[in-house]
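Geometric and topological summary
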Amino acid sequence: MKPTPKGILIVVSGPSGSGKSTLIERFLREDDRSTFSVSYTTRERREHEVEGKSYHFVGKEQFEDMVKTNRFLEWENVHAYMYGTPREEILSTLETGRDIILDIDVKGALAIRKQCARARLIFIDPPSVEELIRRLQIRGEREIDLRMTRVKEEIARKPLFGYTVVNRGLEQAYREFKETIAAIRREADGTNNC
């Protein structure tokens with residue numbers, strides 16, 4: 001009997017406002033082979049967010065205990081809040097043959113690749129810095145100057161990613177995003193991706 005092919009760990013990253021969450025959500029609605037990994041965070045839940053779907057919202061003490069017991073593939077402090085990617089959930093899901101999609105920042109994506117050398121990294125790039133600022137303003141983001149410093153650092157790391165999708169518009173970006181995942185799947189060899 002042939003063993004079940006292992007799932008692929010697909011890490012999607014890019015600056016805040018680049019559209020990565022929108023692309024991922026749409027893809028997951030249409031693709032029954034993938035699942036989304038829900039990260040843990042110490043920040044407060046926003047009005048539109050759902051516990052266990054948007055994030056697992058935990059206190060700082062619980063998060064620090066999880067760090068000490070090695071329950072994260074990666075974790076970091078972002079804008080005074082902690083975020084972490086759950087190790088066991090990812091490894092057990094990959095074993096079932098399902099692909100996992102992560103939506104994490106650039107630093108976290110590169111940390112994941114250190115833990116899982118075969119993870120596939122997709123960078124979602126805004127068409128311009130000006131467009132990104134406009135999107136952040138529409139979303140009502142605060143501290144745009146602080147975010148823009150981070151954006152420049154993230155865009156400088158784009159060459160470290162295996163794939164890039166430039167989000168000039170949702171339909172074009174979504175087509176490219178689906179094509180990129182299809183290419184990743186064609187290249188996969190069925191072994192554990194992490």
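Predicted model only: the values in this text are computed from it and were never measured.

This next bit is on the packing of helix H1 (residues 20–30) against helix H7 (residues 170–187). Two elements in contact, H1 and H7, have axes whose closest approach is 10 Å; the angle formed by their N-to-C orientations is 60°. It follows that H1 is oblique to H7 by the angle criterion. Crossing angle aside, the handedness with which H1 passes H7 is right-handed. Here Thr 22, Leu 23, Ile 24, Arg 26, Phe 27 and Glu 30 of H1 lie close against H7, whose contacting residues are Leu 170, Glu 171, Ala 173, Tyr 174, Phe 177, Lys 178, Ile 181 and Arg 185. Its residues assigned to classes, the contact of H1 with H7 comprises eight nonpolar, one polar and five charged.

Further remarks concern the confidence of the model for the chain. In this model, the chain carries an average pLDDT of 88, and 89% of its residues clear a pLDDT of 70 or more. Mean pLDDT across the elements of the chain ranges from a minimum in helix H5 (residues 129–138), with 69, to a maximum in helix H2 (residues 60–68), with 97.

A separate point is the nonpolar core. One recurring pattern in soluble globular proteins: nonpolar side chains tend to sit buried together. Core analysis: the largest hydrophobic core is formed by 17 residues, its most contacted members being Leu 9, Val 11, Leu 102 and Ile 112. With four residues, the top contributor of residues to this core is helix H4 (residues 106–115). Residues in contact with Leu 102, not counting those within four places in the same chain, are Leu 9, Ile 10, Val 11, Val 12, Ile 24, Ser 37, Thr 85, Ile 90 and Ile 112. Within the second largest apolar cluster, 16 residues are counted, among which are Ile 101, Ile 122, Ile 124 and Tyr 174.

Its place among the elements puts Glu 49 in the loop between strand S3 (40–41) and strand S4 (56–57). The buried category is assigned to Glu 49, whose relative accessible area is 6%. A distance of 2.8 Å separates the side chain of Glu 49 from the backbone nitrogen of Arg 46, its partner in a polar contact. Leave out the neighbours within four places in its chain, and Glu 49 touches Arg 43, Glu 44, Ser 54, Tyr 55 and Phe 57.

Definitions and limits used
- Residues numbered from 1 in each chain as written.
- Predicted model: local features only at pLDDT ≥ 70, side-chain atom pairs only at ≥ 80, totals over all residues.
- Heavy atoms only, no water.
- Axes fitted to C-alpha atoms, helices over the stretch in contact; angles between N-to-C directions.
- Helix = DSSP H or I, 4+ residues; strand = E, 2+ residues; numbered from the N terminus.
- Parallel < 35°, antiparallel > 145°, perpendicular 65-115°, else oblique.
- Left-handed = near helix turned anticlockwise from the far one by under 90°.
- Contact = heavy atoms within 4.5 Å.
- Nonpolar A, V, L, I, M, F, W, Y, C, P; charged D, E, K, R; others polar.
- pLDDT = per-residue confidence, 0-100.
- Core = buried A, V, L, I, M, F, W, Y, C linked by side-chain atoms within 4.5 Å.
- Buried < 20%, exposed > 50% of the residue type's maximum accessible area, 1.4 Å probe, protein only.
- Polar contact = N/O pair within 3.5 Å; in protein donor to acceptor, adjacent residues only side chain to side chain.

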